[in-house]
Amino acid sequence: MIAKVMDMDDVLRQSLLYDFYGELLTEHQRNVYEEVVQNDLSYSEAAEAFGVSRQGIHELVKRCNKMLEGYESKLHLVERFLRIRGSVQEIQALSTQYEAIEKEVLAQRVLGISEKILEEL
């Protein structure tokens with residue numbers, strides 16, 4: 001049996017994709033996806049819980065991943081969210097350096113970052 005192996009980036013990406021687009025899946029797809037991906041139920045355990053084959057669960061999760069990726073490739077909401085989050089983290093980092101940075105320079109950098117955020121929205 002081949003085990004599911006994902007690194008943290010994959011787990012984070014799947015979680016974000018589901019957070020943004022999960023409501024576009026059917027209720028059954030959401031239930032299975034949540035159990036397998038978010039609650040870390042094995043395909044065999046999910047198959048038993050939902051009364052279908054292990055292969056059926058595997059195919060459904062694979063199809064859901066493909067659908068979620070397809071939504072992202074069209075809408076780019078996760079990509080936009082990550083860029084905005086990065087900009088906010090830049091502002092947070094600058095705020096911790098408040099004493100070390102000249103006020104005018106700090107204001108200009110924050111203004112530049114905030115303009116970048118507004119462009120994203």
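I will try to describe carefully the structure that is included in this document.

1. Examining the packing of helix H1 (residues 8-21) against helix H2 (residues 27-38)
Angle between the axes and distance between the axes are the two parameters that describe a pair of packed helices. The interhelical angle for the contact between H1 and H2, taken along N-to-C directions, is 155°, at an axis separation of 11 Å. Our classification of the angle between H1 and H2 gives roughly antiparallel. Where H1 crosses over H2, the handedness of that crossing is left-handed. Along the contact surface, H1 presents Gln-14, Tyr-18 and Asp-19, while H2 presents Arg-30, Tyr-33, Glu-34, Val-37 and Gln-38. Residue classes in the contact of H1 with H2 are distributed as three nonpolar, two polar and three charged.

2. Side note on the environment of Ile-91
Within the fold, Ile-91 resides in helix H5 (residues 77-96). Ignoring sequence-local partners within four residues, the contact set of Ile-91 consists of Ile-113 and Ile-117.

3. A short note on the pattern of salt bridges
Evaluation of the coordinates by the stated rule reveals four salt bridges. Its salt-bridge partner being Arg-83, residue Glu-79 comes within 2.6 Å of it at the nearest N-O pair. Remark: Arg-83 and Glu-79 occur in helix H5; sequence separation between them is four residues, near one turn of the helix. According to the relative accessible area criterion, Arg-83 is partly exposed, its value standing at 37%.

Rules and cut-offs
- Residues numbered from 1 in each chain as written.
- Predicted model: local features only at pLDDT ≥ 70, side-chain atom pairs only at ≥ 80, totals over all residues.
- Heavy atoms only, no water.
- Axes fitted to C-alpha atoms, helices over the stretch in contact; angles between N-to-C directions.
- Helix = DSSP H or I, 4+ residues; strand = E, 2+ residues; numbered from the N terminus.
- Parallel < 35°, antiparallel > 145°, perpendicular 65-115°, else oblique.
- Left-handed = near helix turned anticlockwise from the far one by under 90°.
- Contact = heavy atoms within 4.5 Å.
- Nonpolar A, V, L, I, M, F, W, Y, C, P; charged D, E, K, R; others polar.
- Salt bridge = Lys/Arg side-chain N within 4 Å of Asp/Glu carboxyl O.
- Buried < 20%, exposed > 50% of the residue type's maximum accessible area, 1.4 Å probe, protein only.

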